Amino acid sequence: MQFGVFTVSDITQDPTTGRTPTEAERLRAVLAIAQKAEEVGLDVFALGEHHNPPFFSSSPTTTLAWIAARTTTLQLSTATTLITTNDPVKIAEDYAMLQHLAGGRVDLMMGRGNTGPVYPWFGQDIRNGIELAVENYALLRRLWTEDVVDWQGKYRTPLQGFTSTPRPLDGVPPFVWHGSIRSPQIAEQAAYYGDGFFHNHIFWPKEHTQRMVEFYRRRYAHYGHGAADQAIVGLGGQVFMRRRSQDAVDEFRPYFDNAPVYGHGPSLEDFSRETPLTVGSPQQVIERTLGFRDYVGDYQRQLFLIDHAGLPLKTVLEQLDILGEEVVPVLRREFAALKPAHVPDAPTHASRVAAAGGARDATVHTGGDGVTGRTAEAVTR
Amino acid sequence: MSTRTLAVVSAGLGNPSSTRLLADRLTTAAIEALGERGVSATVEVVELRQHARDLADNLTSGFANESLRGAVETVAGADGLIAVTPIFSASYSGLFKTFFDVLDKDALTGTPVLMGATAGTARHSLALEHALRPLFAYLRATAVPTAVFAAPEDWAGGDSSGPALTGRVRRAAGELADLVAGRPPAAPDDPFADPATSFEDLLRGPGA
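Everything numeric in this text was worked out from a predicted model, so none of it was measured.

## Focus on the overall build of chain A
Part 1: Looking only at helices and strands, chain A has 13 helices and 13 strands in total.
Part 2: Computed over its C-alpha atoms, the radius of gyration of chain A comes to 21 Å, within 12% of the 21 Å expected for a compact globule of 381 residues.
Part 3: Taken along the three principal axes of its C-alpha coordinates, chain A extends 75 × 45 × 40 Å.
Part 4: Scored against the burial criterion, the 381 residues of chain A give a buried share of 54%.
Part 5: Counting only contacts in chain A whose residues sit at least 6 apart along the sequence, the fraction spanning at least 24 positions is 71%.
Part 6: Surface accessibility of chain A: about 15,800 Å² in total, with carbon and sulfur atoms responsible for 52%.
Part 7: Within chain A, one finds 36 positive and 44 negative side-chain charges whose respective centroids are separated by 2 Å.

In structure tokens form, the structure reads like this:
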């Protein structure tokens, strides 16, 4: 099982100091968090995509490329990549490029985005969210798997004889997760393609997660990709830890009370009961996280949200220390002991290349340029 | 005898509450009217006063907590709804509106609804028509033609004013019973049933 952290890249005032970080500070902080994630032995770092304040992360591939250059084992992902408002051609190119730069340590998570105004800023309409997700993703897959694509659809200009470059590393595109909180169509999409399904699993009651995952698993089996319990499931989670449970609650409470997502509403205690948020000792986080398996089954990836709501970098890095030293090693051991042999691990570039029968160079060499009819070789000769 | 479920939403703030009193009268009359049509009724009452904080939490957190979820499911799954609110500042109370705000927008589609209201003055009576009826029209519920308003004078004076209110209650309850008895029992909508539209159809796109 893979463990990691995901960030929504919010720039939020620290309610205990009244100070709001600058974009530059917050961006640097996220880079430090990613590097620290590898250092403490986590597997995955995932970053959201937003095109409106208070978020800074408009360009995940740029950020992830920087992180790729300064890490060696960390799997890099998104949470999420907007399949609705991004051009699928640009997604195909950007993530194939990142995949090469990162030596294959890349997967990505598709999402629709939930902020109405963002759609028209990119020439789209939120009411077409599902249709856009369906059409754009179908094209994205073709761009990664077919060298030359002729395509016509509803939402972007047609393509004739288009080759997306670079071709996927070793001929195998990045693994794709589909993220959705409550749209069965997106779980259906993940199941149809045999892709992964990720439920963010935070800010909402666990019943929603459970129903979505059950549906995805059933449809995954329906489409013939394997048994329901072999489907690839990822979950989010939200934790704050201190050695003494009460210290965690006391320290986190002002951040909780003022958090943009749930502040000024339910109490920390109510919210912790209603959603997977766990504020307490490392042992409490271990027990709660192991409990996720009781309602979603054996799953492949667990990402924790640890850096939002204005928490300072120092605190977030301490959280990573606790995760790496005390929590994840235990979870790794316990989850592995519980997992039946026929349940697969999360796909990696290596496992996907092996499944494809080995690596192949997928470079498309042009026969000659269409204007002069000369090839590169002919010119140098 | 077939069976139907009636949900009763009462937004009264006091205890005892005249809003709840009106809701109870409407409910009793509806059960009776359904009985006359050969239908027995199960009644589930949602006292919104008990969910005041749950509703506020739902507004900020985006989901109904465990206690409110039961109330939401009761109303969404009912064959008929009796909804009664006090009138404040010329309209339904904020508590009443918040409950319908957090319901799924399709939860009441086609559901027969009997509307009732209470107030300190009879001059509020048209609030049923200019506030509640548009609300249920937006939700695509089927509001019965007679909405029942109870002013202080309707409760006072015993027999002299009683029949008027009782008559309106009976008429409205009869209208509700006609609609509820005339429809098959509500089938719960399961968004996680196998999709009616195959993914291949989604891929072909609309109009294909």
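## Some words on the pattern of salt bridges
All names here are of chain A.
Part 1: Tallying each qualifying case throughout the model produces 38 salt bridges over all chains.
Part 2: When the shortest N-O distance is used, the salt bridge between Lys154 and Glu131 registers 3.2 Å. Of the two residues, Lys154 is situated in the loop between strand E6 (149-151) and strand E7 (159-162) and Glu131 in helix H5 (residues 129-145); the sequence distance between them amounts to 23 residues.
Part 3: With relative accessibility at 53%, the residue Lys154 sits in the exposed group.
Part 4: Residue classification places Glu131 among the partly exposed residues on the basis of a relative accessible area of 28%.

## Digging into the interface of chain A and chain B
Part 1: Taken together, the 30 residues of chain A in the interface contact 20 residues of chain B.
Part 2: Note on chain A versus chain B: buried area summed over both sides is about 2,000 Å², and carbon and sulfur give 63% of it.
Part 3: Of all residues in chain A, Val134, Tyr192 and Glu274 of chain A give up the largest surface area on contact with chain B, accounting jointly for 23% of the area buried on that side.
Part 4: Here chain A is connected to chain B by 4 salt bridges.
Part 5: One salt bridge connects Asp194 of chain B with Arg218 of chain A, and the closest N-O pair in it is separated by 2.7 Å.
Part 6: Elements that contribute at least two residues to the side of chain A that touches chain B include exactly H5, helix H6 (184-193), helix H7 (206-222) and helix H9 (268-274) of chain A.
Part 7: Residue classes in the side of chain A that touches chain B are distributed as 15 nonpolar, 6 polar and 9 charged.

## Some remarks on helix H2 (residues 52-61) of chain B
For an α-helix, 3.6 residues make a turn, and residues three or four places apart therefore share a direction.
Part 1: Along H2 of chain B, the residues that are buried comprise Asp54, Leu55, Asp57, Asn58 and Ser61 of chain B. What you see down the axis of H2 of chain B is that its buried residues fit within an arc of 160 degrees, all on one side. For H2 of chain B, exposure combined with an orientation more than 90 degrees from the buried face picks out Arg53 and Leu59 of chain B.
Part 2: Those residues of H2 of chain B hidden inside the fold are in contact with H9 of chain A together with helix H3 (66-76) and helix H4 (94-102) of chain B.
Part 3: Following H2 of chain B by one or two positions, Gly62 of chain B adopts a phi angle in the positive range, close to 85 degrees.

## Structural notes on a nonpolar patch on the surface
Part 1: Taken together, the side chains of Ile31, Val43 and Val45 of chain B make up a nonpolar region of the molecular surface, amounting to roughly 190 Å² of accessible area.
Part 2: Under the relative-accessibility criterion, Ile31 of chain B is labelled partly exposed at 36%.

## Structural notes on the environment of Pro117 of chain A
Part 1: Mapped onto the elements, Pro117 of chain A comes out in the loop between strand E5 (107-111) and helix H4 (118-121).
Part 2: Once the C-alpha coordinates of Pro117 of chain A and His51 of chain A are considered, the two residues, 66 residues apart in sequence, prove to be 9.7 Å apart.

## Things to note about the sheet that holds E5 of chain A
Residue and element names in this part refer to chain A.
Part 1: Read from one edge of the open sheet, 9 strands run E3-E2-E1-E13-E10-E9-E8-E5-E4, paired in parallel fashion. Because the sheet does not close on itself, it has two edges, and the strands there are strand E3 (75-78) and strand E4 (81-82).
Part 2: Examined bridge by bridge, E5 and strand E8 (residues 175-179) share 4 bridges and lie parallel to one another. For Asp107, the partnering residue across the bridge sits in E8 and is Phe175.
Part 3: Along the sheet, helix H11 (residues 313-338) contacts strand E1 (2-7) and strand E13 (301-304); its crossing angle with E1, the most-contacted strand, is approximately 140 degrees.

Conventions and cut-offs
Residues numbered from 1 in each chain as written. Chains lettered and ligands numbered in written order. Predicted model: local features only at pLDDT ≥ 70, side-chain atom pairs only at ≥ 80, totals over all residues. Heavy atoms only, no water. Helix = DSSP H or I, 4+ residues; strand = E, 2+ residues; numbered from the N terminus. Rg over C-alpha atoms; globule rule 2.2 N^0.38 Å. Buried < 20%, exposed > 50% of the residue type's maximum accessible area, 1.4 Å probe, protein only. Contact = heavy atoms within 4.5 Å. Areas by Shrake-Rupley, 256 points an atom, 1.4 Å probe, with all protein chains shown as cover. Lys, Arg positive; Asp, Glu negative; His and termini not counted. Charge placed at Lys NZ, Arg CZ, Asp CG, Glu CD. Salt bridge = Lys/Arg side-chain N within 4 Å of Asp/Glu carboxyl O. Buried area = accessible area lost by both parts, 1.4 Å probe. Nonpolar A, V, L, I, M, F, W, Y, C, P; charged D, E, K, R; others polar. Arc of directions from axis to C-beta. Patch = residues over 30% accessible without salt bridge, like charges linked within 9 Å, V, L, I, M, F, W, Y side chains within 5 Å. Pairing = 2+ DSSP bridges. Axes fitted to C-alpha atoms, helices over the stretch in contact; angles between N-to-C directions.

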